[in-house]
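Summary of structural features
Here's the letter readout for the chains.
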Amino acid sequence: MFGYEFYIDPSRCIGCQSCMKACEECETHRGTSMINFDFIDRPETIATAAYVCFHCEDPTCAQVCPADAIKKGLDGIVQSALEPRCIGCSNCVLACPFGIPKMQVKQEQMMKCDMCYDRTSVGKKPMCATVCPSQALSYVTPEEIARGRREKPTNVFYFGDQKVTTKVFMMVPEDVDAVSVDVVDYMWEGRP
Amino acid sequence: MAQPPVPVDRLADQYGPHPSHTPVGGWSHEATHAPDRLVKTHCCFCGQQCGIQLKVRNNQVIGFEPWEDFPFNNGMLCPKGVKRYLQSGHPDRLLDPLMRTDAGFRPASWDEAIGFTARRLREIQDKHGKDAVAVYGGASLTTEKSYLLGKFARVALGTRHIDYNGRLCMVSAGTAYKPAFGVDRSPIPWSDIPKADVVLVVGANVAECAPITTSYIWRCRDRGGKLIVVDPRMTPITRNADLYLPVRPGTDLVLLMGMLHIILRDGLEDRKFIAEHTLGFDEVSASAKPYDPHSVAERTGVPAEAIERAAHMFAKADRAIAMHARGLEHHSKGVENCSALINLCLATGNLGREGCGPTMITGQGNGQGGREHGQKCDQLPGQRSISDPAAREDVARVWGITADEIPQAGLTAVEIMEAVHRGEIRGLLSICFNPLVSLPDAGFTREALEKLEFFGVIDFFLSETAHHADVVLAGSLQEEEEGVVTSAEGRVIHIQQAVDPPGRARRDGDIICDIARKLGKGKFFPYTNPREIFEELREASRGGVADYFGITYERIDREMGVFWPCPSLDHPGTPRLFDGGISMHPDGKCRFLPTPWRESGDPVDADFPVYLTTGRVVSHYLSGTQTRRIGGLVDQYPEPRVEMHPRLAGTIGVATDDWVTITTRRRAITLQASVVKTIRPDTVFIPYHWPGGRSANQLTHRTLDPRSKIPEYKVSACRLAKADST
C-alpha cells in the first residue's frame, strides 16, 4: 500500500498471538504462520515479542543463498525462496541477523513473511498488523506514527560490524537513532 | 434420574470436544479461498463485540476478513476472533434434536423433542406447582433471545425462576452502579479511554479477557497518560504500568478505602463536585478514617508508599478512569468493592466529563444487553424492577396479560442449582449455559443435575452439562440468527445471520416459540423472525432506564451502532452518561454508598494456607464449549495449569511441568505447574475453562455476595502438594 509502512513495537505486545493465528489465514500459505513470536523468559517476566521479516535493503538471506533463490522486489519486499530454485540448505536461516526465515521441512523450501504480498499488492493491510489488538505490529502512515507515539521509528540496526537498513521500522526511545545489539558497537576500539 | 446415560468418556468420543484445525474442506481446498459474500457482523466471544466480516460460501462460514471501518476495533481482533469461524461445519455440531436413551442419545424428530419437552415441563408444574421448573439463560444470547426467554419463563411457564450465566459475571458491578447512578451501564464510551490522564485498572486482565481494550490504554499512554494496575498477578498489560500494586486476593476493598483515606487526609477531594452532585459523602468519608496507609499495607500486602503514590496520581489527575472487571466483582463483597471504586471517582470529581469516570469491562458477548431485558430473575425489559408496579403494568400491557400474571422475582443462578439440589426445583430448561463447568463447587452441581426429574438443553454442541439432559434441542450459533447485542461500552450493534443452521438444527428463537406453542401459549409468541421480537422489545423497553425505543436495525447499520438510552427515532443515542455529573436518579444526584468489610467465605488458615484465584486465558472463552473445539485456540492453551511463584513452588519442591495436587475444603484436582515470578507467592491461579478432573470449579465455593449473588471465584483457600503424575 502506497504511503504505508510497517512498525514493530515489542513493548506494546501482550502475547495474545493473534498475529500468528491471523498469519495462518493468509491465502498464500494458509495453515502456516510466518510470525516470529517469543515469550522472552516466561518464568521471569510477562514480556513477549512478535516480529515479522524486516525486509532488509540488502538482504543477508539473499546474499548467502547459493541458489540465488531469494529475491527482493522493486517494492522492497523480500520474498520467500523461489520454490524451483531453493535447495533447502538453510544458509538463510542461519545467516539472517534477525532470525526470521524458516525452513519448511516438508516442502524443502525456505518460507518467510512477505508482508502479505497478496493483500498489500491490492491495497489491503497485512493481516497481522490489521488484527493486532495492541498495535505492537502496525501498518500505518509515517505521519500517523509521528503523531501518535511517544517512541520514534528507526530502520538502522548494527550487528557488530554489520550495518543493516530495513524496510520495516522498529520503535525506539526518542533519543536513539539506531538499534545496536553488540557490545562492540558501544566500544572505542576499532572505530574508524 | 439425570446421570449421563453412558460414561462421559463415551459421550466425549462421539460428541467432542474434538479440536478442529481447518476450515470446511481443508486449508488448500479451492472453495475456502473464494467466498460468495462477506457478511459484516461481530465476534461471538466477549463483551468487546469486535466488528468482523465473515466469509461465506455455500451456506458455510469459510474464513474471515477484518472489518476496518467498524469504529470500536478498526479491524483488530484477538485470536478468538480470528479463529471463531472454525465453528462452522464443525464435526461435533449437533444436527438433530437428541433424546436420551439407555445407550446414549438418539436423534429424534422436532415434533417428538418439543412435544416431550413441553409435556414434561407441564407434568412437573401440574404436580408440584409453577415454580417447580426453572429456566437458565445466557449472556451470549442476542437481546431478542434474552427478551424472548424472559417472556417465555413468565408467560408460557409462569415460573418466577429464570436467571442466567451473567449472574457469574457482571452482577456485582450492576448492583453497585444502579444505586449510585440509577443505571447499570458503563458511564463512558471506550473512545474516552485514550483521553484520560490516569487509568486505574483494578482486577481486570485486560490483555487476555478484553484484548482490544489494550490498544485504548496504550493510546492513552502514547499521549502521556499513566497506568496503574492492581492485581495479584502481573497480567500482560502490567509490562507498561507506571505503578503496579500486587494486592492480596480479597483485599481490594481495603486498598481502595486506603486510597480514599489518603485523598481525604491530604485534601485532594473535589469539594465542589461532591457538594453539587452527590449524596452520602459524610458517612463514607467517616468510614475511610480507619484505613490508614500502614494498616492497609499490612492487610493488602501492598507497600504504603505505593498506595500513597496511587492515591495522589489518581486524585491529582484532571481526568482519571477507573476500570474493573471480574477481579473486583467475584467476591462475597463484590458490590462493596465496586462501590468503593465508584466512591473514589465521585470523591475526585471524575464523572460526567470526557475521559474520566468508573467503568466496568463487561465480559460476555452480550453481557450488557443480555442483562437488560428480562432474563434476570428480578428484572423486566428496559432494566426495570419486577417489583415495580408501574413497570409490571407497562410490560403486562405489551405482553397482553395482566400485571398480576407476571410472577414476582425468583432465585438467582446459583440459588436455582441449590433449589434443584434440595428437590424444590424439579425441572430445568437451559440455553447458553454450561453450569457444570462454570458454577462454583462443581461436585455439588453434578449432584444437583443428577436429581432433576426433567432437564432440557438447547445448544449447538453437546456441553458437559448437556450430558445430563433428557432432551437436547439442536440450536443455533451466533452467526445463524439475526439480532442485536450491546457491547461493553453500551453500543447496541447488529448481529447478522450469515448462514442457516446446518442439518435439522434450528434457530434458538424458533425453538423457544415452538415450546411456548406446545404449552398452549402460542398467541403470546406469534413471532416468525427476530425483527418482530425486536420491535416488541423496543416498545417494552420504552420509558425504561435502558430505553431502546429509538433504535432500529437500519439505524444500527447506518450509524455503526447506537448507544442506549435512545428514547426516540430522532434521538442520537447516549455514548457518555451523566453529562455534567447528573445521574439518572430522579434528583440527578450520584450516591456515595457505604462499603462495610466482610471476610471471605472461604478464609485462608493453617490447613489451607494459600489463596486460589481463577480466571480466563486469552485463547478460551467461558466454559470452553466453543473454544475447546477450535484447534488453533486449543494449541495455544491446551490444558489448565496451576500458576505459582518460585518461592511457593520451592516449599513443595515443584518446578514447571511437575504435577501438583490442589486441595480445597471441597475437593482436590491435580494439574501441571507453571512456575513464574509474575504472581504473588501466597497465591495460585487456575483458569476455569475445563471440565471434570481439570476443572478449577471443583475447588471453588458457593459463597455469594448477599446482594448481587455473584460467587466468590476470586478467593478460595487451598493447600498444595507435589503429585507423582496423573
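It should be emphasised that the depicted structure is a prediction, and the values quoted were computed from it without experimental measurement.

1. So, the environment of B:R702
Residues and elements named next belong to chain B. Note on placement: R702 falls in the loop between β27 (683–687) and β28 (716–723). Along the backbone, R702 and G601 are 101 residues apart, and their C-alpha atoms lie at a distance of 8.4 Å. The residues contacting R702, other than those within four sequence positions of it, are V414, P440, D441, F444 and P711.

2. Notes on the packing of helix α4 (residues 143–157) of chain B against helix α20 (residues 530–541) of chain B
Residue and element names in this part refer to chain B. At a closest axis distance of 9 Å, the pairing of α4 and α20 adopts a crossing angle of 70°. In terms of orientation, α4 lies roughly perpendicular with respect to α20. Where α4 approaches α20, its residues T143, E144, Y147 and L148 are matched on the opposing element by P530, I533, F534 and L537. For the contact of α4 with α20, the class distribution of residues is six nonpolar, one polar and one charged.

3. Let's talk about the sheet that holds strand β4 (residues 98–101) of chain B
Residue and element names in this part refer to chain B. Reading across from one edge, β5-β4-β18-β17-β16-β6-β7 is the order of the seven strands in this open sheet, with mixed pairing throughout. Edge positions in the open sheet fall to β5 (104–107) and β7 (162–164), since each of these has one partner strand only. Neighbour to neighbour, the strand axes of the sheet diverge by 20° on average, direction disregarded. Bridge count for β4 against strand β18 (residues 471–474) is two bridges, and the pairing is antiparallel. Along β18, the bridge assignment pairs M99 with V471. Contacts between helix α16 (residues 413–422) and the sheet are confined to β6 (133–137), β7 and β16 (427–431), with β7 contributing the most and set at about 125° to the helix.

4. A closer look at the pairing of strand β12 (residues 320–324) of chain B
Residues and elements named next belong to chain B. Of all five residues that make up β12, five are buried, and the element is covered over most of its length. Burial along β12 is two-sided: the face carrying A320, A322 and H324 and the face carrying I321 and M323 are both buried. In this sheet, β12 lies alongside strand β8 (residues 198–202) in parallel orientation, the contact comprising five bridges. Opposite V199, over in β12, you have I321 as the bridge partner. When β12 meets strand β13 (residues 357–360), the two strands line up parallel, connected through four bridges. Note on β13: the bridge partner recorded for I321 is G357.

5. Brief notes about unusual backbone geometry
Residue and element names in this part refer to chain B. Residues G16 and P17 are joined by a peptide bond in cis, for which omega reads 15°. With respect to the element layout, P17 can be found in the loop between α1 (8–15) and β1 (37–42). Residue P565 is bonded to the preceding W564 through a cis peptide linkage, with omega at 0°. If you check the backbone angles, N74 has positive phi at about 45° while not being a glycine. By the element assignment, N74 lies in the loop between β3 (60–66) and α2 (79–83). Classification of N74 by C-beta neighbours within 10 Å gives partly exposed; the count is 16. Backbone geometry at F578 places phi at a positive 60°, although glycine is not the residue there.

6. Things to note about the pairing of strand β8 (residues 162–172) of chain A
Residues and elements named next belong to chain A. Direction of pairing for strand β1 (residues 5–8) relative to β8: parallel, over a ladder of two bridges. Note that in β8 the partner of I8 across the bridge is M170. Where strand β7 (residues 152–159) hands over to β8, the hairpin turn is made up of two residues, of which G160 adopts a positive phi near 65°.

7. A closer look at helix α18 (residues 442–451) of chain B
Along α18(B), the residues that are buried comprise B:A442, B:F444, B:T445, B:R446, B:A448 and B:L449. In this fold, the buried residues of α18(B) make contact with α16, α17 (435–438) and β17 (454–459) of chain B.

8. Digging into the sheet that holds strand β20 (residues 491–495) of chain B
Residue and element names in this part refer to chain B. Pairing in this open sheet of three strands is antiparallel, and the strands run β19-β20-β21 from one edge to the other. Of all strands in the sheet, those bounded by a partner on one side alone are β19 (483–486) and β21 (562–563). As paired elements, β20 and β21 share two bridges and run antiparallel to each other. Residue pairing in the sheet places R491 in a bridge with F563 of β21.

9. Some thoughts on the interface of chain A and chain B
Taken together, the contacts link 29 residues of chain A with 35 residues of chain B. Where the side of chain A that touches chain B is concerned, the elements lending two or more residues are α1 (18–23) and α5 (127–131) of chain A. It is α1(A) that contributes the most residues to the side of chain A that touches chain B, three residues altogether. Counted by class, the side of chain A that touches chain B contains nine nonpolar, ten polar and ten charged residues.

10. Here's the deal with the domain arrangement of chain B
All names here are of chain B. Per the domain assignment, the segments of chain B are domain 1 (8–87), domain 2 (98–169 + 366–526), domain 3 (171–360) and domain 4 (610–723). Between the C-alpha centres of domain 1 and domain 2 there is a distance of 26 Å. Listed as interface residues are 20 residues of domain 1 and, on the opposing side, 19 residues of domain 2. Its residues assigned to classes, the side of domain 1 that touches domain 2 comprises nine nonpolar, nine polar and two charged.

So, how was this worked out
- Residues numbered from 1 in each chain as written.
- Chains lettered and ligands numbered in written order.
- Predicted model: local features only at pLDDT ≥ 70, side-chain atom pairs only at ≥ 80, totals over all residues.
- Helix = DSSP H or I, 4+ residues; strand = E, 2+ residues; numbered from the N terminus.
- Contact = placed C-beta atoms within 7 Å.
- Axes fitted to C-alpha atoms, helices over the stretch in contact; angles between N-to-C directions.
- Parallel < 35°, antiparallel > 145°, perpendicular 65-115°, else oblique.
- Nonpolar A, V, L, I, M, F, W, Y, C, P; charged D, E, K, R; others polar.
- Pairing = 2+ DSSP bridges.
- Buried ≥ 20, exposed ≤ 12 C-beta atoms within 10 Å, placed from the backbone.
- Domains from an automatic or database assignment.

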